Amino acid sequence: MSGVSASEKPPVVLPAVAREVEEFVSAAGWNQAPQLFALVPTADLVAQQPELAGQLDPAASPLTPIAQDRLPDSELDKALAGIVWPDVVRGCALAQEIVVLPPEAEETLSEDLDDEAARQFAAEHPQRREARLVAAVLRDGSVACVLRLRGGLEAPDEVVEHPELAPNLTDALLETLRP
């Protein structure tokens, strides 16, 4: 008998879902508020809404991101701390725009600065780069991150993927999935 045994894990799909979320958000351009997505099994979604069968393929994409209500622009940490997902949600993803500084600029950031002063320092730094970060997590602890660095006239957008791009954010998202 061939096939995958029940003890084997399915292929890793979280990085693909993180890219899908980033591409979806990217289609609307820049200067967007943070967006939260529930990640639900596509097969469950099609079973509950059969009219989606022609649009969604559980075999090709086992998880489907579903956009949630708008999050507040400020105090994102407090908003995330208040979220509890139902069991049907296997994971979640957050897309947000950030400012990225070169390492030497981050070294000059004083730990004495409050959040607002640090944001102002970053916003005014001549070497800052605008970026969109998508962090995605699953209940099993899997993590994926995609960062799109905004390009300009001289260079196109750059896309970087690595699960450890935003450990504080992925930790906060994982907390939303804990019972």
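Each value, and the rule that gives it
Within any chain, residue numbers begin from 1 and follow the written order of that chain's sequence. The predicted origin of the model limits local features to residues at a pLDDT of at least 70 and limits the giving and counting of side-chain atom pairs to 80 or more, whereas totals for whole chains, interfaces and linings rest on all residues. To get the side-chain values, all heavy atoms of the structure are used, and hydrogens and water are removed first. Secondary structure is summarised from DSSP: a helix means a run of H or I of at least four residues, a strand means a run of E of at least two, and numbering begins at the N terminus for each. Categorising residues by exposure relies on relative accessible area from a 1.4 Å probe, with only protein chains included: less than 20% of the type maximum marks a residue as buried, more than 50% marks it as exposed, and the intermediate range marks it as partly exposed. Surface exposure here means Shrake-Rupley accessible area, sampled with a 1.4 Å probe, where a residue is shielded only by the protein chains that are shown. Geometry of aromatic contacts follows a simple scheme: Phe, Tyr and Trp rings, the Trp one being its six-membered ring, pair when their centres are within 6.5 Å, and the pair is stacked under 30 degrees between planes, edge-to-face over 60, tilted otherwise. For a Lys NZ or an Arg CZ to count as sitting over a ring, it must be within 6 Å of the ring centre and within 35 degrees of the ring normal. Take the number of residues in a helix, subtract one, and multiply by 1.5 Å to get its expected span. The arc in question is the one spanned by the directions pointing from the helix axis to the C-beta atoms. Here a residue-residue contact requires only that any non-hydrogen atoms of the pair lie within 4.5 Å. To qualify as a nonpolar core, a set must consist of buried Ala, Val, Leu, Ile, Met, Phe, Trp, Tyr and Cys residues joined through side-chain atoms within 4.5 Å. Think of it this way: DSSP has to see at least two bridges between two strands before they count as a pair. Axis geometry follows a simple rule: fit a line to the C-alpha atoms, using only the stretch in contact for helices, then measure angles between N-to-C directions, giving values from 0 to 180 degrees. Just to be clear on terms, a salt bridge is a Lys or Arg side-chain nitrogen sitting within 4 Å of an Asp or Glu carboxyl oxygen. Residue-level confidence of the predictor, termed pLDDT, takes values from 0 up to 100.

Visitor: What is the right way to look at the overall build of the protein in this model?
Guide: Per the secondary structure count, the protein includes 6 helices and 6 strands. Taken from N to C terminus, the helices and strands of the protein fall in the order α-β-α-β-α-β-α-α-β-β-β-α. Taken across its 179 residues, the protein has 35% of its residues classed as buried. A total accessible area of about 11300 Å² is found for the protein, and carbon and sulfur atoms account for 52% of it.

Visitor: So what exactly am I meant to see when it comes to unusual backbone geometry here?
Guide: As a rule of thumb, non-glycine residues mostly have phi less than zero, and peptide bonds are mostly trans rather than cis. At Asn31, a position not held by glycine, the phi torsion is positive, near 65°. Relative to the elements of secondary structure, Asn31 occurs in the loop between α1 (14-26) and β1 (35-41).

Visitor: Mind showing me how you'd approach the packing of aromatic side chains here?
Guide: Any aromatic ring pair is given by two values, namely how distant the centres are and how the planes are angled relative to each other. A full pass over the atoms with the stated rule returns 1 aromatic pair. Cation over ring: Arg132 sits above Trp30, and NZ or CZ is 4.3 Å from the ring centre.

Visitor: Explain α1 to me, please; I cannot follow it from the model alone.
Guide: For the α-helix, the turn length of 3.6 residues means that residues three or four positions removed from each other point alike. When the terminal C-alpha atoms of α1 are compared, their 18 Å separation across 13 residues agrees well with the 18 Å that a helix rising 1.5 Å per residue should span. Where α1 is concerned, the buried positions are Leu14, Val17, Ala18, Val21, Glu22 and Val25. Axial view of α1: buried residues confined to an arc of 140°, hence all on one face. For α1, the exposed residues set more than 90 degrees away from the buried face come down to Glu23 and Phe24. Close packing links the buried residues of α1 with β1, β2 (63-67), β3 (91-100), β4 (129-138) and β5 (143-149).

Visitor: Would you mind showing me how to read the nonpolar core here?
Guide: In a soluble, globular protein the nonpolar side chains are often hidden away together inside. With 26 residues, the main nonpolar core has Leu36, Leu71, Leu80, Trp85, Leu94, Leu169 and Leu173 as its most contacted residues. Elements that contribute at least two residues to this core include exactly β1, α3 (76-81), β3, β4, β5 and α6 (167-177). Among residues more than four places away in sequence, those in contact with Leu36 are Ile66, Ala67, Gln68, Leu71, Leu80, Ile83, Trp85, Ala93, Leu94 and Leu173.

Visitor: Which parts of the structure should I look at to understand the sheet that holds strand β6 (residues 158-161)?
Guide: Within the open sheet, the 6 strands sit side by side as β2-β1-β3-β4-β5-β6. Their pairing is antiparallel. On the outer flanks of this sheet lie β2 and β6, each paired with one strand and no other. Between one strand and the next, the sheet's axes are offset by a mean angle of 20°, whatever the strand orientation. As paired strands, β3 and β4 are joined by 10 bridges and run antiparallel to one another. Along β4, the bridge assignment pairs Glu97 with Arg132. Sitting on the sheet, α1 touches β1, β2, β3, β4, β5 and β6, and the angle it makes with β4 is about 140°. The sheet contacts of α6 involve β1, β3, β4 and β5, and relative to β4 the element is tilted by about 35°.

Visitor: I would appreciate a short explanation of the pattern of salt bridges in the present structure.
Guide: Once their charged atoms are close, side chains differing in charge can pair, the charge on each being opposite to the other. According to the stated counting rule, one finds 9 salt bridges in the structure shown. Between Glu22 and Arg148 there is a salt bridge whose closest N-O contact spans 2.8 Å. Of the two residues, Glu22 sits in helix α1 while Arg148 sits in strand β5, which places them 126 residues apart along the sequence. For the residue pair Glu22 and Arg148, the accessibility class agrees, reading buried in each case. Salt bridges sharing common partners tie together Glu22, Glu97, Arg132, Arg148 and Asp157.

Visitor: Would you take a moment to explain the confidence of the model for the protein for this structure?
Guide: The predicted coordinates should not be examined in detail at positions where pLDDT is low. A residue-level look at the protein finds 87% of positions with pLDDT of 70 or above and a mean pLDDT of 85. Here helix α4 (residues 103-108) stands out as the element of the protein with the lowest mean pLDDT, 71, in contrast to β1, whose mean of 97 is the highest. Predicted confidence is poor over residues 1-11, with pLDDT under 50, and the contacts of this stretch with residues over four places away or in other chains come to 0 contacts.

Visitor: Where do I start with α6 in this structure?
Guide: Three or more residues of α6 are buried, namely Leu169, Thr170, Leu173, Leu174, Thr176 and Leu177. The arc that holds every buried residue of α6, seen down its axis, measures 150°, which confines them to one face. In this structure, the buried side of α6 is in contact with β1, α3, β3, β4 and β5.

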